[in-house]
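# Descriptive analysis of the structure
Here's the letter readout for the chains.
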Amino acid sequence: MTVVTRFPPSPTGYLHIGGARTALFNWLYARGRGGEMVLRIEDTDTERSTQEAVDVIMQAMEWLGLSWNRGPYFQTRRFDRYREVIDGLLADGHAYHCFCSRERLEDLRESQRAAGEKPRYDHHCRDLGRKPEAGEDAVVRFRNPLEGSVVFDDVVRGRVEISNSEMDDLIIARTDGTPTYNLTVVVDDVDMGITHVIRGDDHTNNTPRQINIFHALGASLPVFAHVPLILGPDGQRLSKRHGAVSVLEYRDMGILPEALLNYLVRLGWSHGDQEIFDLDEMIDLFDITDINRSAASFDLDKLLWVNQHYIRQADVDRLGNLLARCLHRRGIRPSDGPRPGEVVELLRERVQTMVQMADQALYFYAEPGAYQPEAAAKHLVPEALPRLEALAEALGALENWRAEDINRVIKDVAAAQGAKFPQLAIPLRVALSGDTVTPSIDQTVRLVGRERTLSRLARAMEFIRSDGVNGGKNTGKNA
RNA sequence: GUCCCCAUCGUCUAGUUGGCCUAGGACAUCGCCCUUUCACGGCGACGACAGGGGUUCGAAUCCCCUUGGGGACGCCA
């Protein structure tokens, strides 16, 4: 039997981290077994579903590389099919019309809760045995068995047994005739030949009712695997107040898709002590039977670490393009400086995200703003003046603008001035970048370029001569 | 409230059918080394079987209770 999994987002918002992991698990499982994954848009809640959300979700999946083999199917385009099933259920007695008003239902729930009971429908219309008259409002309810219990083997949680007395006669068609979730899922899973339902833990309680519907339809059951939810760092359900929860936000943060995937796959799943998995390894090693039973907390620090790992080994040109895009986003033209790929080579070992890389690359493309106060106070001092003067002269006369030659010049000037290398390198860093932190100074000087290096050196010397009075504020930004 | 589920370092986790666990790895944190600043890298430190009962020669691993946490109880999905 070919494995068929599915990812069924409801388009009421962005694709969040938890959904992405569910999609990943479905994708990995299908890929690993030569099966396929269906993308199904569960938009039966027409009030809250939007086309924009559909677009954003698909965009996120494409960014992550989680491709689907079939779909996207839209449930709103299958209403005729659901109607047909509902009519069938009505005809064979598996469903019935209910005329209870929302008010009655609310009162019922309220009183049950007050009495310490689990709120559920009281079967008021279950045995009425009549159809709505013209113009009369009615919903359709599934006639859930009263006795016994539903038992199923969940791949991750093991045997699950829930008593039918715990289950409601759930509404499968609203007053306006549109079908609801628990019905559409089952119909679709049957029609689309889904063999494995891998979904969030929050659906575990729905499963027995859905199983009853599967039975009513005479359909065979798929394999169920309910994966624990992802919690926030505080152990509470992951939500916006924990920071970014949307996949696309991570993209905009400068996270690489393969890093997010790698981080996500390790949440609730592991393979010994291995931390890094490329796509092929994941596909090869992943199995739903190895999914953990307990919920995991999202940890940004670890994601950042994984991202750093991938930044260090990613293709330079690819990162160069990403860097260029980040720079562009903050109004800087990459053409105003070195080829992004060169900057990538210099910075890739020192950043955790592409956005951080852009932050650290700014001075290659635009004049640095005011000097960082402490750095200027400590390093752009009178003692540094003669050294910088000598350095500027030597650099101006340097024949080959290459890192090794630049390095030699700095060493020579330092020696001639009776200074140690850092005593020259640090002020130079401040002059070039505005702060004391840069990659190796020779490479930095090389990439900043001769013209800019000399003009920034001149500005630094002016700063020292004027005793820091107009400390770099006359330059501001000019990209 | 009712029903269901979960429980190893702060976090992600390893821990094959109970013995090799003095509980391993990774992130984070803190030190030291490397060093041209910051990183990277190397080395090291800190740090957990929620608590209590059993079962057993022996339990992180099995059972029960307690506690803590999560989920579900919609004409949402």
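The coordinates are above.
It should be emphasised that the depicted structure is a prediction, and the values quoted were computed from it without experimental measurement. (Residues numbered from 1 in each chain as written. Chains lettered and ligands numbered in written order. Predicted model: local features only at pLDDT ≥ 70, side-chain atom pairs only at ≥ 80, totals over all residues. Heavy atoms only, no water.)

## Considerations on the protein's contact with RNA strand B
To keep it simple, the criterion reads: Nearness is defined per residue: one heavy atom within 4 Å of the molecule or strand is enough. A 3.5 Å cut-off defines polar contacts: any pair of N or O atoms within that distance qualifies, except that in protein one atom must be a possible hydrogen donor and the other a possible acceptor, and neighbouring residues in sequence count only when both atoms are side-chain atoms. Think of it this way: any DSSP run of H or I at least four residues long counts as a helix, any run of E at least two long counts as a strand, and we number them from the N terminus.
Around RNA strand B, 62 residues are found, and the nearest of them are Arg 174, Gln 236, Gly 268, Arg 350 and Asn 407. Among all atoms of RNA strand B positioned within 4 Å of the protein, those belonging to sugar or phosphate total 70%. Taking Arg 48, its side chain carries an N or O atom lying 2.7 Å from a sugar or linking oxygen of RNA strand B. Contacts to RNA strand B include Lys 302, whose side-chain N or O atom sits 3.1 Å from a base nitrogen. For the surface near RNA strand B, the secondary structure elements donating two or more residues are α4 (102-114), β12 (296-297), α10 (300-313), α17 (421-433) and α18 (441-448).

## Points about the packing of aromatic side chains
Where we set the bar: Only Phe, Tyr and Trp rings take part, Trp by its six-membered ring, and two of them pair if their centres are within 6.5 Å. Stacked means planes under 30 degrees apart, edge-to-face means over 60, and tilted covers everything else. Burial classification: accessible surface area is computed with a 1.4 Å probe over protein chains only, and a residue below 20% of its type maximum counts as buried, one above 50% as exposed, and the rest as partly exposed. Here, a charge over a ring is recorded when the distance from Lys NZ or Arg CZ to the ring centre is within 6 Å and its angle to the ring normal is within 35 degrees.
Under the criterion given, the structure shown has nine aromatic pairs. Between the aromatic rings of Phe 152 and Phe 224, the centroid separation amounts to 5.7 Å while the plane-to-plane angle is 65 degrees, which identifies the pairing as edge-to-face. Linking Phe 152 in strand β6 (residues 149-154) with Phe 224 in strand β10 (residues 223-227), this pair joins segments that are 72 residues apart in sequence. Overall, the relative accessible area of 6% leaves Phe 152 in the buried class. Feature note: the residues Phe 25, Trp 269, Phe 277 and Phe 286 constitute an aromatic cluster, connected by ring pairs. Here Arg 130 stacks its cationic end above the ring of Phe 99, 3.9 Å away from the centre of that ring. In this arrangement the basic side chain of Arg 141 is found over the ring face of Tyr 121, its NZ or CZ atom lying 3.5 Å from the centre.

## Observations concerning the pattern of salt bridges
Going by this rule: Salt bridges are defined by distance alone: a side-chain nitrogen of Lys or Arg within 4 Å of a carboxyl oxygen of Asp or Glu.
Within the structure shown, the criterion is met by 36 salt bridges. The salt bridge involving Glu 275 is made with Lys 302; its shortest N-O contact spans 3.2 Å. Of this pair, Glu 275 sits in the loop between α8 (257-265) and α9 (279-285) while Lys 302 sits in helix α10, placing them 27 residues apart in sequence. Judged by relative accessible area, Lys 302 falls into the partly exposed class, the value being 32%.

## Some points on helix α19 (residues 450-465)
How we decide: Helix span, as expected, comes to 1.5 Å for every residue beyond the first. Working rule for contacts: check all heavy atoms of both residues, and any pair within 4.5 Å makes them a contact.
In a regular helix each residue adds 1.5 Å, so 16 residues correspond to 22 Å; α19 covers 22 Å between its end C-alpha atoms and thus fits that length. All buried positions along α19 are accounted for by Thr 453, Arg 456, Leu 457, Arg 459, Ala 460, Met 461, Phe 463 and Ile 464. Buried residues in α19 make contact with α13 (354-365), α14 (373-379), α15 (384-397), α17 and α18. A positive backbone phi angle near 60 degrees is found at Asp 467, which sits one or two residues after α19.

## With respect to the state of the cysteines
Note the threshold: Two cysteine sulfurs form a disulfide in these notes if their separation is within 2.5 Å.
Counted by the stated rule, this structure contains zero disulfides. We note that Cys 98 lacks a disulfide partner, and the nearest cysteine sulfur, in Cys 100, lies 3.8 Å from it.

## Observations regarding the side chain of Thr 22
Within the fold, Thr 22 resides in helix α1 (residues 17-32). In this structure Thr 22 comes out as buried when scored by relative accessible area, which is 11%.

## Points about the environment of Asp 299
For Asp 299, the position within the fold is in the loop between β12 and α10. Distance from Asp 299 to Leu 267, taken between C-alpha atoms, is 9.7 Å for residues 32 residues apart in sequence.

## Thoughts on the sheet that holds strand β1 (residues 4-7)
What counts is decided by this rule: We treat two strands as partners when DSSP finds at least two bridges between them. Axes here refer to lines fitted to C-alpha atoms; in helices the fit is confined to the stretch in contact. Angles between the N-to-C directions go from 0 to 180 degrees.
Ordered in space as β1-β2-β3, the three strands form an open sheet in which the pairing is parallel. Edge strands, defined here as strands with exactly one partner in the open sheet, are β1 and β3 (70-74). Mean inter-strand twist for the sheet, computed between neighbouring axes without regard to direction, equals 25 degrees. Looking at chain direction, strand β2 (residues 36-41) and β3 are connected through three bridges and run parallel. Opposite Ile 41, over in β3, you have Phe 74 as the bridge partner. Here α1 sits on the sheet and contacts β1 and β2; the angle it forms with β1, its principal contact strand, is near 165 degrees. Relative to β2, helix α2 (residues 51-64) is tilted by about 160 degrees, and along the sheet it contacts β1, β2 and β3.

These figures capture arrangement, not role.
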